[in-house]
Amino acid sequence: MTGRASGAERRAALIEKLAGLPPERRAALLRSLGGAAADPGGQEWPLSPGQERLWFLSRFDPGDTSYNTPWSVRLRGRLDTAALAAAFARVTERHEVLRTRFRLRGDAPVQVVLPPAPTPVEDLVASGEAGRDGAGRDGAGPDGAGLDGAGADEALREFAERPFDLENEPPLRVGVARLGEDEVVLCIVLHHIVVDGWSLDVLMRELAECYAAAREGREPVLAELPMQYASFAVQERQRDHTAGVEHWAGRLTGAPSLDLPLDHPRPSRWSGRGGREELLLPPEEVTPLERVARKRRCTSFMALVAAYEATLALASGQSDFCVGVPVSRRTRSELAPLIGYFGNTLVLRADLSGDPAFHELLDRVREATLAGMRHADVPFEHILAALRVPRDVGRPPLCQAMFNLHSDLPKDDLLGTRFADLDAEVHTIPPSHTKSEVSLDLWRGPEGLGGVFDYSADLFTPATARRLVRGFAEVVRRAGADPETRLSALSGAFSD
């Protein structure tokens, strides 16, 4: 037991060292790992900086599923499985990144684009109790109607959490859980190394068109792609980010880790095991804060980041820490129709020194956000390497907390109610992993401010997560009602 634990720790330490090493030192270390022979017929390209870090994590912890990206849709109507398979074949033919393998060549990882091939559509059957109750290979239960809700969710979760072998298998897999003769759940799972949130909308739009075309016996109507993801990766490797890295080094040097009070001892290595709590604030509780933001020439994003920073500061007792914000690097129009990993992390260093009034904190967040957006194209991996942050294999580097307000990503096709001639509805699979210690994802709609708070289950209990969610909601209410309120006066937000 002890030998296995120490081996895991050494492997995790190597992951972190590789991700932070300068390119020349990283290359020397990689030479000792060996590589596979070239693929006949496969085109080889470099990885983008973001892909490279994800490749390192996958290479040295193949069982980690934190970066699996599932998307499930409940479809009502008679599904044509042959047309569905044909649709995936067309989309993977069109987007080379979906038929890519990731391998080591000499001293560097490469992405190998293989020729088009069919994408299998797996029939998902439940394991455990549902399987013992009679589910067969076609997904039908004993009465032939299909899996029940619990059985379907169990099968979908197992499918979504199956690790990817990025070296030898596609970074995409597709499964169908049959709930009845005319009702299924389509589950698409991709590794984050080939996809981001924007890409999912592109994927669902093109799948629906290719499925309809296959059903109708015609060619799909899709504009020709201006480029492939591999070309973007090449361009990124050639860019000079020296000035941007200098900005971030000056801004982030010396930033401490966020140390929230823990319910459980911190494991020796990060597992990614997570939990989730939901949030919903009605419009009348959010609108006052949005009004405060407009008066300070701030966006709703800035106001909500300020409320989140205040929540974390009150919970931790710290006035200095970093919050990571996912951003898209699709800065050119020709990148819009592509599927691929264009994500980056914008690092906002919180400054809550001097017991600021909320409007003062909001002004600080505004300045940090605007300064950061001017250098948002600098790969997070370059920032980590420049800072040489002391590595801790038990936690994510630099940003232990993440924040995201979903407001500008295209989602009409992702959340659409039709898939060709079928009714469609998003089917949520509760996540069991998280990439950060705490993470708040929000969206604004007619119903108010909705969101989910993901947290490390290794560190926190559900009760603590609920307390943080309630605290954030109370900060939003109090700051909106009186932006002159000082941080110390907001401490009552955590009173039970």
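For the structure given in this document, a descriptive report is provided here. (Residues numbered from 1 in each chain as written. Predicted model: local features only at pLDDT ≥ 70, side-chain atom pairs only at ≥ 80, totals over all residues. Heavy atoms only, no water.)

1. Digging into the overall build of the chain
Thought 1: Broken down by element type, the chain carries 14 helices and 15 strands.
Thought 2: Put simply, the chain has 496 residues, and 52% of those count as buried.
Thought 3: Of the contacts formed within the chain by residues at least 6 apart in sequence, a portion of 78% connects residues at least 24 apart.
Thought 4: When the accessible surface of the chain is summed, it comes to about 21400 Å², and 51% of that surface belongs to carbon and sulfur atoms. (Helix = DSSP H or I, 4+ residues; strand = E, 2+ residues; numbered from the N terminus. Buried < 20%, exposed > 50% of the residue type's maximum accessible area, 1.4 Å probe, protein only. Contact = heavy atoms within 4.5 Å. Areas by Shrake-Rupley, 256 points an atom, 1.4 Å probe, with all protein chains shown as cover.)

2. Section: the side chain of Glu381
Thought 1: Relative to the helices and strands, Glu381 is located in helix α13 (residues 380–387).
Thought 2: Of the side chains bearing the opposite charge, Arg53 lies closest to the buried Glu381, which forms no salt bridge; the N-O distance is 4.9 Å.
Thought 3: What Glu381 contacts, discounting residues up to four positions off in sequence, is Pro49, Gly50 and Arg53. (Lys, Arg positive; Asp, Glu negative; His and termini not counted. Salt bridge = Lys/Arg side-chain N within 4 Å of Asp/Glu carboxyl O.)

3. Comments concerning the pattern of salt bridges
Thought 1: For the coordinates displayed, the defined rule picks out 39 salt bridges.
Thought 2: Between Arg59 and Glu167 there is a salt bridge, with the nearest N and O atoms lying 3.9 Å from each other. Here Glu167 lies in the loop between α6 (149–160) and β6 (172–180) and Arg59 lies in helix α3 (residues 49–60), a separation of 108 residues in the sequence.
Thought 3: Residue Arg59 is classed as partly exposed on the basis of its relative accessible area, which comes to 28%.
Thought 4: For Glu167, a relative accessible area of 28% translates into the label partly exposed.
Thought 5: Where salt bridges share partners, they join Arg74, Arg76, Glu183 and Glu425 into one cluster.

4. Quick notes on the packing of aromatic side chains
Thought 1: Counted by the stated rule, this structure contains seven aromatic pairs.
Thought 2: A ring pair is formed by Tyr229 and Phe342, whose centres lie 5.1 Å apart and whose planes are at 80°; its orientation type is edge-to-face. Separated by 113 residues along the polypeptide, Tyr229 in helix α8 (residues 229–238) and Phe342 in the loop between β9 (320–328) and β10 (343–351) bring together distant segments of the chain.
Thought 3: According to the relative accessible area criterion, Tyr229 is buried, its value standing at 2%.
Thought 4: The class for Phe342 is buried, based on a relative accessible area of 0%.
Thought 5: Through successive ring pairs, a cluster of aromatic residues spans Tyr229, Phe232 and Phe342.
Thought 6: The ring of Phe164 is capped by Arg173, whose NZ or CZ atom sits 4.2 Å from the centre of that ring. (Phe/Tyr/Trp six-rings, centres within 6.5 Å; stacked < 30°, edge-to-face > 60°. Lys NZ or Arg CZ within 6 Å of the ring centre and 35° of its normal.)

5. Things to note about the packing of helix α9 (residues 242–252) against α13
Thought 1: Running from N to C, α9 and α13 point in directions that differ by 55°, and their axes come no closer than 9 Å. One way to sum up the angle between α9 and α13 is to call them oblique. Considering how the two elements wind past one another, α9 and α13 form a crossing that is right-handed. Between α9 and α13, the contacting residues are Val245, Trp248, Ala249 and Leu252 on the first element and His382, Ile383, Ala386 and Leu387 on the second. (Axes fitted to C-alpha atoms, helices over the stretch in contact; angles between N-to-C directions. Parallel < 35°, antiparallel > 145°, perpendicular 65-115°, else oblique. Left-handed = near helix turned anticlockwise from the far one by under 90°.)

6. Looking at unusual backbone geometry
Thought 1: Even without being glycine, Arg297 reaches a positive phi, approximately 60°.
Thought 2: Along the chain, the position of Arg297 falls in the loop between α10 (283–295) and α11 (300–316).
Thought 3: One non-glycine residue, Leu398, lies in the positive phi region at around 70°.
Thought 4: Considering the arrangement of structural elements, one finds Leu398 in the loop between α13 and β11 (401–405).

7. Focus: the nonpolar core
It is characteristic of soluble globular proteins that their nonpolar side chains tend to be buried jointly.
Thought 1: One finds Tyr308, Leu398, Phe403 and Phe472 to be the most contacted residues of the largest nonpolar core, which totals 69 residues.
Thought 2: In terms of residue count, α11 provides more of this core than any other element does, 12 residues in total.
Thought 3: Those residues in contact with Leu398, other than ones at most four positions away along the chain, are Leu252, Cys322, Val347, Phe380, Ile383, Leu384, Leu387 and Val389.
Thought 4: Grouped together as the second largest cluster of nonpolar side chains are 64 residues, Val174, Leu207, Leu422 and Ile429 included. (Core = buried A, V, L, I, M, F, W, Y, C linked by side-chain atoms within 4.5 Å.)

8. Side note on the sheet that holds strand β1 (residues 43–46)
Thought 1: Pairing in this open sheet of three strands is antiparallel, and the strands run β1-β4-β3 from one edge to the other. Looking at the sheet topology across the chains shown, the edges are occupied by β1 and β3 (100–105). Adjacent strand axes in the sheet meet at a mean angle of 35°, parallel and antiparallel pairs treated alike.
Thought 2: Alignment of β3 against strand β4 (residues 108–113), held across six bridges, turns out to be antiparallel. Opposite Arg105, over in β4, you have Ala108 as the bridge partner.
Thought 3: Where α3 meets the sheet, it contacts β3 and β4, and its direction lies at approximately 80° from that of β3.
Thought 4: Here α8 sits on the sheet and contacts β1 and β4; the angle it forms with β1, its principal contact strand, is near 35°. (Pairing = 2+ DSSP bridges.)

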